[in-house]
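Coordinates in review
These are the residues of each chain, in order.
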Amino acid sequence: MKMRSIGLMGGTFDPIHHAHLIVAEEVRYALNLTEMVFIPAGEPPHKAKRTTAPVQDRLAMVELAVASNPHFSISRIEIDRPGPSYLVDTLRLLKEQWGQDVELCFVIGWDSLEDFPTWYKPAEILEQLNRLVVVHRPGYEDNEAYNQQLEARLPGLLQKMCLIEVPQLDISSTELRRRIAEDRPIKYQTPEAVEAYIQAHNLYRYHIEG
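Residues numbered from 1 in each chain as written. Predicted model: local features only at pLDDT ≥ 70, side-chain atom pairs only at ≥ 80, totals over all residues. Heavy atoms only, no water.

Heads up, the rule is: UniProt positions are given in the numbering used here, feature names are shortened, and annotations may be inferred rather than shown by experiment.
As named in an unreviewed UniProt entry, the protein is Probable nicotinate-nucleotide adenylyltransferase, taken from Dictyobacter kobayashii. Recorded in UniProt for the protein, the comment headed Sequence similarities (unreviewed entry) runs: "Belongs to the NadD family." For the protein, the Pathway (unreviewed entry) comment in UniProt is given as "Cofactor biosynthesis; NAD(+) biosynthesis; deamido-NAD(+) from nicotinate D-ribonucleotide: step 1/1."

Shown next, in the form of structure tokens:
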């Protein structure tokens, strides 16, 4: 029997958009994962006071976005847990829920890789993971010298790191929020159900970021 292998997509999803969904499906297919689990952050420590939609709205939008894919699901673990959402704690709790023999693959963007050694207890994160899945984003290229620098900062990183090529779709939640605040369209950049939810709940309408 194939061991249960799960991809984890964390983030504020403020709001979720098609680039998130494309990355999740590409990683699931490339690594032949059992499922992809989206983990909306409750209190992301690296984005303190920067989320603009209430957590229940962000969760509702993720639910709408993943509903049509049977391989996608959601964990409320970081929403229901009080305090900052540290990945090392999330992984430990998920293994308690799912069993120690589950394979966990956490997905980050290439643009986040440089900061990974500065995350809370990064070595323990690597211990909990089977793979740290790094996906390409527009403007970032693989570089062996750069990888070796990362390995020097966090020994064991390259052993766990897995690079996945994904379609280059340059959409960001920050830009979507800006477009909404400026009354510009976001159609085709996020699922229709998410766009309708944003309109119905008047989200991001009056928030323009600097």
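Back to the write-up after that little detour.
With respect to the environment of Glu192
Filter applied, for reference: Secondary structure elements follow DSSP: runs of H or I no shorter than four residues count as helices, runs of E no shorter than two count as strands, and numbering proceeds from the N terminus. With a 1.4 Å probe rolled over the protein chains alone, any residue whose accessible area is under 20% of its type maximum counts as buried; one over 50% counts as exposed, and the rest are partly exposed.
Relative to the helices and strands, Glu192 is located in helix H10 (residues 192-200). Among the residues examined, Glu192 registers a relative accessible area of 60% and is labelled exposed. When the C-alpha positions of Glu192 and Ala65 are compared, they lie 8.6 Å apart, and in sequence the two are 127 residues distant.

Some points on the pairing of strand S4 (residues 103-109)
For clarity, the threshold we go by: At least two DSSP bridges between two strands are required for those strands to pair.
The element S4 is largely enclosed, with a buried count of 6 among its 7 residues. Here 5 bridges tie strand S1 (residues 5-11) to S4, and the two strands are oriented parallel to one another. For Met9, the partnering residue across the bridge sits in S4 and is Val107. Relative to strand S5 (residues 131-135), S4 runs parallel, the two sharing 5 bridges. Residue pairing for S5: Val107 is matched across the bridge by Val133.

A closer look at the pattern of salt bridges
Between side chains of opposite charge, a pair can form as their charged atoms come close. For clarity, the cut-off: Criterion for a salt bridge: a side-chain nitrogen of Lys or Arg within 4 Å of a carboxyl oxygen of Asp or Glu.
Going through the model one piece at a time under the given rule, you end up with 11 salt bridges. Asp89 is paired through a salt bridge with Arg92; the nearest N and O atoms lie 3.1 Å apart. Taken as a pair, Asp89 and Arg92 lie in helix H4 (residues 87-98) at a separation of 3 residues, close to a single helical turn. Residue class for Asp89 comes out partly exposed when judged on its relative accessible area of 25%. In this structure, the salt-bridge partner of Asp183 is Arg205, at a minimum N-O distance of 3.1 Å. Of the two residues, Asp183 is situated in the loop between helix H9 (173-181) and H10 and Arg205 in the segment after H10; the sequence distance between them amounts to 22 residues. Three or more residues joined by partner-sharing salt bridges are found here, namely Glu175, Arg178, Glu182 and Arg184.

As for H10
What counts, and what does not: Summarising the geometry, the arc corresponds to the directions from the helix axis toward the C-beta atoms. In this analysis, two residues are considered to be in contact whenever any of their non-hydrogen atoms come within 4.5 Å of each other.
For H10, the full list of buried residues reads Val194, Glu195, Tyr197 and Ile198. All buried residues of H10 fall inside an arc of 160° around its axis, so they share one side. For H10, exposure combined with an orientation more than 90 degrees from the buried face picks out Glu192, Gln199 and Ala200. The elements touched by buried residues of H10 are helix H2 (55-66) and H9.

Details of the side chain of Arg28
As for its position among the elements, Arg28 is in helix H1 (residues 18-31). Apart from residues no more than four positions distant in its own chain, Arg28 is found in contact with Leu33, Met36 and His71.

Some points on the sheet that holds S4
Basically, it comes down to this: Angular values range over 0 to 180 degrees, each being the angle between N-to-C directions of two axes fitted as lines to C-alpha atoms, with helices fitted over their stretch in contact.
Across the sheet, which stays open at both edges, the 6 strands sit in the order S3-S2-S1-S4-S5-S6 with parallel pairing between neighbours. Each edge of the open sheet carries a strand with a single partner, namely strand S3 (72-74) and strand S6 (161-164). Mean inter-strand twist for the sheet, computed between neighbouring axes without regard to direction, equals 30°. When S1 meets strand S2 (residues 35-40), the two strands line up parallel, connected through 6 bridges. Its bridge partner being in S2, Gly11 is matched across the sheet by Pro40.

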